[in-house]
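These are the residues of each chain, in order.
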Amino acid sequence: MTIDPRRSAAFLAAIDCGSLEGAAAQLKVTPSAISQRIAALEQELGTPLLVRSRPCRPTAPGTRLLQYLRRSTLLESEFLAGMKDDPGPARVTLAVNNDTLATWLLPVLAPILDAEGLLAEFVLDNQGHTFALLEGGHAVACISGETEPMRGCSASPLGVMRYRMVASPDFARRWFPDGMTRATAQRAPLVVFDRKDAMQSSFLLTHFGLPDGAYPFHYVPASDPFVHAVRHGMGYGMLPEEQCGAFLENGELVDLAPALYHDVPLYWHAWRIQPPRLERMGMSLVKAARGVLLPLA
């Protein structure tokens, strides 16, 4: 049995666009045609593949199909490109965490993408959740805090991002005049990235015995605005050394707990069988990351 390419293209477009209407516009057909092609694919494979919600999302069998289609599409484009004198660029979807993208990744990755003729599409999430994007077929590789690879994939250690609890000098003088204590941390407003961010709460629970929600906090779900919120005294929060190092040196930020820090280990996850260009990109990325990140213990 072979999968009809028009049906698989309709399924992929529905996932990528989030709706049948968006998929129809992308493929220049009617929404009814998209629906019929996906229904025919479901009948052909004997299982529901798509939850027709907003946005559309794959079922469990649909997720397995999505993984297969992502990889097969990339392998096919790489093969066809290899038949030409000028292979042209290929697009790769990479799941990464916000702080990685905002700090060390782009300077390391940009020359690798250029050398390999690759175009990147980044999908952002917390480092504890990027693995699920790879697992769900939304990316062909990811940077994750997960140590164990999923079946068919490999995991290579990259290094450690070290985070410091910092604040502006004025904020520190106002809220922590005698240093950071359990009582002062309970009153001072904290900056939290989003509802998935457990780093700040873990730090306060581990070192000051404060449970989640025992202190006021803001949500600022973007890496650079998060830094600005801390720098401008909106609250205090944890920043990677790559982001706060220069501000600590010039006095724009102060370390509230110099003896304490939080290390986040990172790993490169990718399929074992992948196009040569993507494999070379991954190997180069791993090597370069180990040169800029702290080594794993």
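In the annotation of an unreviewed UniProt entry, the entry for the protein reads LysR family transcriptional regulator ArgP, and the organism field reads Massilia arenae. Note on the protein: under the UniProt heading Sequence similarities (unreviewed entry), the record states "Belongs to the LysR transcriptional regulatory family."

## Considering the overall build of the protein
For the protein, the count of helices and strands is 13 helices and 11 strands. In terms of its C-alpha atoms, the protein occupies a principal-axis envelope of roughly 70 × 40 × 30 Å. Buried residues in the protein amount to 46% of all 297 residues. Counting contacts in the protein only where the partners sit at least 6 residues apart, residues at least 24 apart contribute 75% of the total.

## Considerations on the domain arrangement of the protein
Partitioning the protein into domains gives domain 1 (1-62) and domain 2 (161-263). Between domain 1 and domain 2, the C-alpha centre-to-centre distance is 45 Å.

## Here's the deal with the side chain of Ser201
Position of Ser201 relative to the elements: it lies in helix α10 (residues 199-208). The buried category is assigned to Ser201, whose relative accessible area is 16%. Beyond its immediate chain neighbours, meaning those up to four positions away, Ser201 contacts Leu210, Asp212 and Tyr215.

## Some remarks on the UniProt feature "domain: HTH lysR-type" (unreviewed entry) in the protein
Taken from the UniProt record, the annotation "domain: HTH lysR-type" (unreviewed entry) applies to residues 3-59. Along residues 3-59 one finds 63% helix and 7% strand; the C-alpha atoms at either end are 18 Å apart.

## Observations regarding the pairing of strand β11 (residues 262-271)
Across the 10 residues of β11, 7 count as buried, placing the element largely inside the fold. With 10 bridges joining them, strand β6 (residues 153-167) and β11 adopt antiparallel strand pairing. Considered in β11, the bridge of Ser156 is made with Trp268.

## As for helix α6 (residues 105-116)
For α6, spanning 12 residues, the distance from its first C-alpha to its last is 16 Å, which sits close to the expected 16 Å at 1.5 Å a residue. Those residues of α6 lying buried are Leu105, Val108, Leu109, Ile112, Leu113 and Glu116. Viewed end-on, α6 has its buried residues packed into an arc of 120 degrees, placing them on one side of the element. The outward face of α6, more than 90 degrees from its buried face, is lined by the exposed residues Pro107, Asp114 and Ala115. Positioned one or two residues after α6, Gly117 has a phi angle of 65 degrees, which is positive.

Cut-offs and rules
- Counting restarts for each chain: residues are numbered from 1 in the order of the written sequence.
- For this predicted model, a pLDDT threshold of at least 70 governs which residues receive local features, and a threshold of 80 or more governs which side-chain atom pairs are given and counted, while totals over whole chains, interfaces and linings are taken from all residues.
- Where side-chain values are given, they derive from all heavy atoms of the structure, hydrogens and water being excluded.
- UniProt positions are given in the numbering used here, feature names are shortened, and annotations may be inferred rather than shown by experiment.
- Here a helix means four or more residues in a row that DSSP labels H or I, a strand means two or more in a row labelled E, and each is numbered from the N terminus.
- Throughout, exposure labels follow a simple rule: accessible area from a 1.4 Å probe, protein chains only, divided by the maximum for the residue type, with under 20% read as buried, over 50% as exposed, and the rest as partly exposed.
- Any pair of residues with heavy atoms lying within 4.5 Å of one another is described as a contacting pair.
- Throughout, the edges of the domains are those of an automatic or database domain assignment.
- When DSSP finds two or more bridges between two strands, those strands count as paired.
- To estimate how far a helix should extend, the number of its residues minus one is multiplied by 1.5 Å.
- Here the arc refers to the set of directions running from the helix axis out to each C-beta atom.

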